Every structure is written in C-alpha cells, then in structure tokens.
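Architecture and fold: a report
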2 protein chains.
Amino acid sequence: MAKKPVRPTARPLFAQIQEIIVERLVAGEWRPGEPLPSENEFAEFYNVSQGTVRKAIAQMAADNLVVRFRGKGTFVASHTDEREHSHFFHLHREDGVKELPQTIPISCSKQAATPEAVARLGLTNGTPVAVVERLRTLDGAARVFETVVVSEEVFPNLCESLRDALPNEMYPHYETEYGVRVVCAQERLRAVSADPRDAELLDVEVGAPLLEIDRIAMTYGDTPVEWRRSRCITSDHFYLSTLR
Amino acid sequence: MAKKPVRPTARPLFAQIQEIIVERLVAGEWRPGEPLPSENEFAEFYNVSQGTVRKAIAQMAADNLVVRFRGKGTFVASHTDEREHSHFFHLHREDGVKELPQTIPISCSKQAATPEAVARLGLTNGTPVAVVERLRTLDGAARVFETVVVSEEVFPNLCESLRDALPNEMYPHYETEYGVRVVCAQERLRAVSADPRDAELLDVEVGAPLLEIDRIAMTYGDTPVEWRRSRCITSDHFYLSTLR
DNA sequence: GAGTGGTCTAGACCACTGT
DNA sequence: CAGTGGTCTAGACCACTCT
C-alpha cells in the first residue's frame, strides 16, 4: 500500500524532507534552543508518513543539528547547552580527564583581512575582519595561545560585544549575540616551534615544540564563519582524536 | 498489531539483536570480507521482523563493522578493501590531497613488554611482544618514524610473517594472517622535539618539532590489540581532524 | 526470476513530558 | 490527560545482482 508511486526524482523522500527542513533551519526559522514542529505536524504538512519524517530528523540529530527528547520534542542544537560546552575542545590531561579551559583576553581589533584569511574564510579582498587574541589556561597555567579571525560582516562589532560579555567561550556568544550556530569544523594539526611571541605568552623557550591547531569552523551548509589558530603546550596534555 | 507485548528487559529489541550478531562476529563466525546471513534469515531465526534486523545491521554498518550492497548482501568490513586502505592515516599534503605512504622496514624483534606497553595494551607483566620499527615516506621522502607494539599472544611469530609478506600496511596483514580486524582507534597527539634517533632517521636536526601520534588500535568490543607511536615531520603535511 | 538491501506507508504500543 | 518521540510489526514496491 505504498504511496507516491510516481516519484520522478531518484532522491529518497526522507532525504528531500531533510533537505527542506535544514533549509528552513538555515533560513533562521527556529533559533538555537527553540523547538521544531512535531513529527506529526511535519508529516501532515508535507503529506508524507510519520516514519519518513522521523528518518529525516533522525539524520539531523545524528549530524548534531537538533536534539530530541522523548515526551518533550525536537530542539535546535545549541552550544549554550551544558553538555555542548567545549564540544570542539580536545585537549586532555595525562590522566585522560578533559578539563575545561579558562580564557584570558589579550586583544581584539578590527583589521583588513589578510590574503590567507580571505582564502581560508572565503571572503572578498579587503573585507574587514575582527581579530581576537587570547590565552587559555588549564589547571591554572597558560597552555594555549589562540588567534581568532572572523568576518565583520557576519559578526558586526564583535570586539565591542566581547568587551561587554567577557565570554569564556566563543560559540555560545556567536549564538546568543548573532544567531550563528557552529555545527562542524576542520582542524589541521602540526608541530611547530615557539616564536618569540608564543614564548613570552606561554612562558616557554623560543623554539620549544608546540602543537598548532588550525581550525575552520562552519555553520549550516558547511559555510566557513571562523578561522582560528591555537598554539598549545602539550607537555602535560594531549589532543585526543577518536577514529572509527 | 505490535508483537512481543511482554518484554521484561528495558533494552530495545534491535539493540539486543545487534549485540547478539556482534557477539557472533567477535566469535569469528564470519571472517572479514565474508557475507553475513540476509535480513530475512536473521529475522526468521530470531523471530523478529525484518525491520528490527535492518535497524540492528544498519547500526553495525554505521560503526564500520559491516558493509552493505543492494542486491548483493551484507559483508564483514575489511581493510583489504581498496577504499579502506589507510583508513586511519590522516596526514594530508598542503594542497589537501591525501597521498598514501610507502613503508621502509627498519627492524622487528620479540621482546618482553615494557611497563608502558603492559598498561596501554592491557597485558600481563612479562608478556612477550613484537616491536616493529619502520619509516614511512610521502612524496618519496621519509616523513614518519613508526614504532609498533603488539602482543605475541595475539599475533604469534609476527616478525617472521612480516619478513615473508613485506606488507605496506599492517591492518590488512593482521586480517589475512591472523583474522584480527581493527575496527577503531584512539590517537593522542603531541608536539615533541626530535631525539637523536628521530633526527637521524628522518634527516632533521635534533630538537626539531615533530608531531607525535600515540595510537591504540582496537578490535571488536574495544579490545586493544596494537600500540603505535608515530613521529611525523609536519613541514609539508598536516594531520586532518574533522569535527562534528 | 529469485534474492538482496533500501524506501515508504500504516498502525499499534510504549515511556515520558507537560497540563 | 493529550502530545511527544521511540520501538516494533507487516506489507508493498523499488533498484540492483546473480544465475
């Protein structure tokens, strides 16, 4: 008794439904933390079965776009959630415990994008960007020197908003202040030698080995929104990568 | 018309079925590359619906335990597959291309497990282990110095079997020679300074920054079977980590 | 043509949440 | 209590592979 006997497209129905819902999510129809319509509402609206909607939303949940609670509903995923804190932070202490870092701001300034920033963030030449420098501490000691670059077009007046909020983490701030949700990221890891600036800020000798993490963070649709370079002391911590 | 109205266990049926099938997989009932029974056969055997079996096996496919082909069947995943080659190798060239490494053997010897190896591999004191040293080249230049430690109980006479086969990769070798399939791994990354041995083998200066990758590879049930330490030159390559 | 996995529907029951 | 997502079933159709 299968319906939709004529489907000209080769694409599965649930994938089309998923695409449509994600598009509505991208358009900002529901902000981080807000509830989505129920399965039954979607099913009725798009004239498909509840099972098809379920499969679409289940995939979105697997992609960390939404979170679901039995009896409550489906909600747009948010870094504001307690258990999403430092979701992308991968430094662990020797004993395997992941301790959340504290942040010490250094500077924030509005600049013209460098060619490298233009390339990494997919900007147009001369776009203004905000450049944030900060230190992150683990067990009370400065372990990471971080440089964050974002477009001023996506995050207008970021420096001012940071001065007011003094947030420990950027991604909840992006959400609450700009409605921009970071959903995934790519990190390029390298071993580098500490330059004089690194050495001074992290209290190591020039030339000491540091783990450099070069991250592009992306919002819905894999659109890059942040470029971040972290230089980490890894004498007492390691970067944990889980492979499947 | 739901069956099984009385289910004393809180565990979902599909999860129980999955557990049972994984147990049979662990027991070696089907070797890497071999086909599993069809959904209908499982469903009839365990007296559940085809949909329940599908959900169980779909999860196993998501975990890379099996691969499925429409019209053909379900097969135990294998590193022997072309597209599984270097599945756990994450060094990419500056242009983003992942070039597969070549291997130059250095040494292989049977030793008593060090305390660190005992701890990392979950062995008992004094267990004999095989220690393999090798260089891996990218673009023709030695870039990675690798030390592999495995239990002789799991891989008896590994050195001899390696001498005969001269394999470029270890995991296909583990499968074909010992029937041991590596399904997941945990890597701890650090920046370290090249010691004299690293420097000589990789042709860099002592103290040069190297990316150290400390990996525990596991078979079914997260049982550790290999401990590997790689020291990598990352001047022309980076380790790619994708976060979701 | 028989057999495989993949999609879709329809309906039932469940656990849990809010009121 | 009604509404939510989660599980399970049953059956239909589809695309594909092998013989």
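**Concerning the overall build of chain A**
If you tally the helices and strands in chain A, you get seven helices and 10 strands. Overall, chain A is about 75 × 45 × 35 Å in size when its C-alpha atoms are taken along their principal axes. Expressed as a percentage of its 244 residues, the buried residues of chain A come to 48%. For chain A, long-range pairs separated by at least 24 residues make up 59% of all intrachain contacts whose partners lie at least 6 apart in sequence. If you sum the accessible surface of chain A, you get close to 12200 Å²; carbon and sulfur atoms cover 52% of it. Across chain A, 29 positive and 36 negative side-chain charges occur, with their mean positions spaced 8 Å apart.

**Quick notes on the confidence of the model for chain A**
Residues of chain A with pLDDT of at least 70 account for 96%, and the chain-wide mean is 94. Per-residue pLDDT stays below 50 along residues 1–8 of chain A; that stretch engages in seven contacts with residues further than four places along the chain or on separate chains.

**What to know about the side chain of D198(A)**
Residue placement: D198(A) occurs in helix α7 (residues 196–202). Beyond its immediate chain neighbours, meaning those up to four positions away, D198(A) contacts F145(A), S193(A), D203(A), L210(A), R229(A) and R231(A).

**Examining the layout of surface pockets**
The computed volume of the largest pocket comes to approximately 1800 Å³. In terms of lining residues, the largest pocket is bounded by 42 residues, among which Q59(A), A62(A), A58(B), Q59(B) and A62(B) are the most central.

**Focus on unusual backbone geometry**
Residues and elements named next belong to chain A. The phi dihedral of D139 falls on the positive side, at around 55°, and the residue is not glycine. Classification of D139 by relative accessible area gives partly exposed; the value is 47%. One non-glycine residue, L166, lies in positive phi territory at about 50°. Within the secondary structure layout, L166 lies in the loop between α5 (158–165) and α6 (170–178).

**Quick look at helix α2 (residues 39–46) of chain B**
Residues and elements named next belong to chain B. When α2 is considered as a whole, its buried residues turn out to be E39, F42, A43 and Y46. An end-on view of α2 places all buried positions within 100° of arc, on one side of the element. Those residues of α2 that are exposed and angled more than 90 degrees off the buried face are E44 and F45. Along its buried surface, α2 packs onto α1 (13–26), α3 (50–62) and β1 (66–69).

About the cut-offs
Residues numbered from 1 in each chain as written. Chains lettered and ligands numbered in written order. Predicted model: local features only at pLDDT ≥ 70, side-chain atom pairs only at ≥ 80, totals over all residues. Heavy atoms only, no water. Helix = DSSP H or I, 4+ residues; strand = E, 2+ residues; numbered from the N terminus. Buried < 20%, exposed > 50% of the residue type's maximum accessible area, 1.4 Å probe, protein only. Contact = heavy atoms within 4.5 Å. Areas by Shrake-Rupley, 256 points an atom, 1.4 Å probe, with all protein chains shown as cover. Lys, Arg positive; Asp, Glu negative; His and termini not counted. Charge placed at Lys NZ, Arg CZ, Asp CG, Glu CD. pLDDT = per-residue confidence, 0-100. 1 Å grid on protein atoms, 1.4 Å probe; cavity = no way out; pocket = protein on both sides within 12 Å on 5 of 7 lines; lining within 4 Å. Points joined across faces, edges and corners; volume = space filled by probe spheres on them. Arc of directions from axis to C-beta.

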